[in-house]
Amino acid sequence: MLKAIIVDDEKRIRDGMKKLINWEEHGFSIVGLASDGVEALEICRLEKPSLVITDIKMPRMDGLTLASELKKINPDISIIIFSGYNDFSYAKQAMKYGVKNYLLKPVDKDELCAELDTIRCDILSRLSREEEVRQDNEKLENLFLIRLINGDLSPEEILENPAGRKVGLKNLKSLCICIMDVSSRLNKISQTPDTGKSQKRLKIRYELEELLGKTKTKYFCEYSKGCYCILFTSTDTSLKTEQLVVELDKIVRVVKNQCDIDPIIAIGDIVT
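What counts, and at which threshold
- Residues numbered from 1 in each chain as written.
- Predicted model: local features only at pLDDT ≥ 70, side-chain atom pairs only at ≥ 80, totals over all residues.
- Heavy atoms only, no water.
- Helix = DSSP H or I, 4+ residues; strand = E, 2+ residues; numbered from the N terminus.
- Buried < 20%, exposed > 50% of the residue type's maximum accessible area, 1.4 Å probe, protein only.
- Contact = heavy atoms within 4.5 Å.
- Areas by Shrake-Rupley, 256 points an atom, 1.4 Å probe, with all protein chains shown as cover.
- 1 Å grid on protein atoms, 1.4 Å probe; cavity = no way out; pocket = protein on both sides within 12 Å on 5 of 7 lines; lining within 4 Å.
- Points joined across faces, edges and corners; volume = space filled by probe spheres on them.
- Nonpolar A, V, L, I, M, F, W, Y, C, P; charged D, E, K, R; others polar.
- Pairing = 2+ DSSP bridges.
- Axes fitted to C-alpha atoms, helices over the stretch in contact; angles between N-to-C directions.
- Arc of directions from axis to C-beta.
- Polar contact = N/O pair within 3.5 Å; in protein donor to acceptor, adjacent residues only side chain to side chain.

Scanning the chain from terminus to terminus reveals 10 helices and 9 strands. Among the 272 residues that make up the chain, the fraction classed as buried is 40%. The long-range share in the chain, meaning contacts at least 24 apart out of those at least 6 apart in sequence, stands at 66%. Accessible surface, the chain: about 15700 Å² in total, of which carbon and sulfur atoms supply 51%.

Pasting the structure below:
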């Protein structure tokens, strides 16, 4: 369900807009009502809605200024501006701020529903494209790390590869490759069908992303089914085996607790 907020300085209009249609039928959930642009910005920072429906003339911060500020925070946010002012200059200003939808008061229910359906389709299409790009990039990064670990890349290829630049290999002083293997554990679970094993692997990957994906010094790839390579890096020579054991022990405990499987861990040499 996509999040939306309604902004108007008149409470009866805010409440009326919320009750006007069945928002969920059109793929939206109203997560906030705001009386002006300042309040709306606070709600948007907290809720991160996909759609903002706002009046133009409001105290403290009007709808056009709100649209401008929202686009600075999130260029992809969808905005519907409604106003009682049948003046094309408002519409021109709204378009200047990236607002594609401009409705006149009183808002026609059918017209609003049609706009919502169009916006929902546009948002879902964009999210689908972004997810495809993310998955493609993830596959390329996974392949790069596998080739790096196998020694299949020349120094030039390592430094010129976009995935290599993301890992920042040019500035590294030391690194260590570790292996976490669960394939043998999965194979011993004879009752687990192939789909169950795939779900286990996806769950493990998710846990690794949560543990390692938020840093710029730890990377991982699925080297083969149920076998993960974890790359620890440093821009100095501070990597210590004892430190890595602590990090890996934490990973083992999380995988064991969250995925109900006990992985095998191997630590390579720390190299410069």
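Turning our eyes to something else, we now look at the environment of V38. With respect to the helices, strands and loops of the structure, V38 is situated in helix α2 (residues 37-47). Since its relative accessible area comes to 25%, V38 is described here as partly exposed. The spatial distance from the C-alpha of V38 to the C-alpha of P59 is 9.1 Å, given a sequence separation of 21 residues. Leaving out residues up to four positions away in the same chain, V38 has contacts with R60 and M61.

Within this model, the second largest pocket holds a volume of roughly 290 Å³. Around the second largest pocket sit 17 residues that line it, and D76, I77, S78, K100 and D122 are the ones nearest its centre. If you list the elements that add at least two residues to the lining of the second largest pocket, you get β4 (78-83) and α5 (109-150). If you tally residues by element for the lining of the second largest pocket, the top one is α5, at 7 residues. Here the residues of the lining of the second largest pocket sort into 6 nonpolar, 5 polar and 6 charged.

This part takes up the sheet that holds strand β5 (residues 101-104). Strand order across the open sheet formed by 5 strands is β2-β1-β3-β4-β5, with parallel pairing between neighbours. Each edge of the sheet is formed by a strand with only one pairing partner; in this case those strands are β2 (28-34) and β5. Within this sheet the neighbouring strands show an average axis-to-axis angle of 20°, counted without direction. With 5 bridges joining them, strand β3 (residues 51-55) and β4 adopt parallel strand pairing. Paired with V52 across the bridge in β4 is I79. Sheet strands in contact with α5 are β1 (2-7), β2, β3, β4 and β5, and its direction is about 165° off that of β4.

The next point concerns α2. Every buried residue of α2 is listed here: G37, A40, L41, I43 and C44. Projection of α2 onto a plane perpendicular to its axis shows the buried side chains occupying an angular sector of 165°, all on one side. Turned more than 90 degrees away from the buried face of α2 sit E42, R45 and L46, all of them exposed. On the buried face of α2, the contacting elements are β1, β2, β3 and α3 (63-73). At the N-terminal boundary of α2, the capping side chain belongs to D36, with an oxygen 3.0 Å from the backbone nitrogen of V38. Backbone geometry just after α2 places K48 at a positive phi near 50°.

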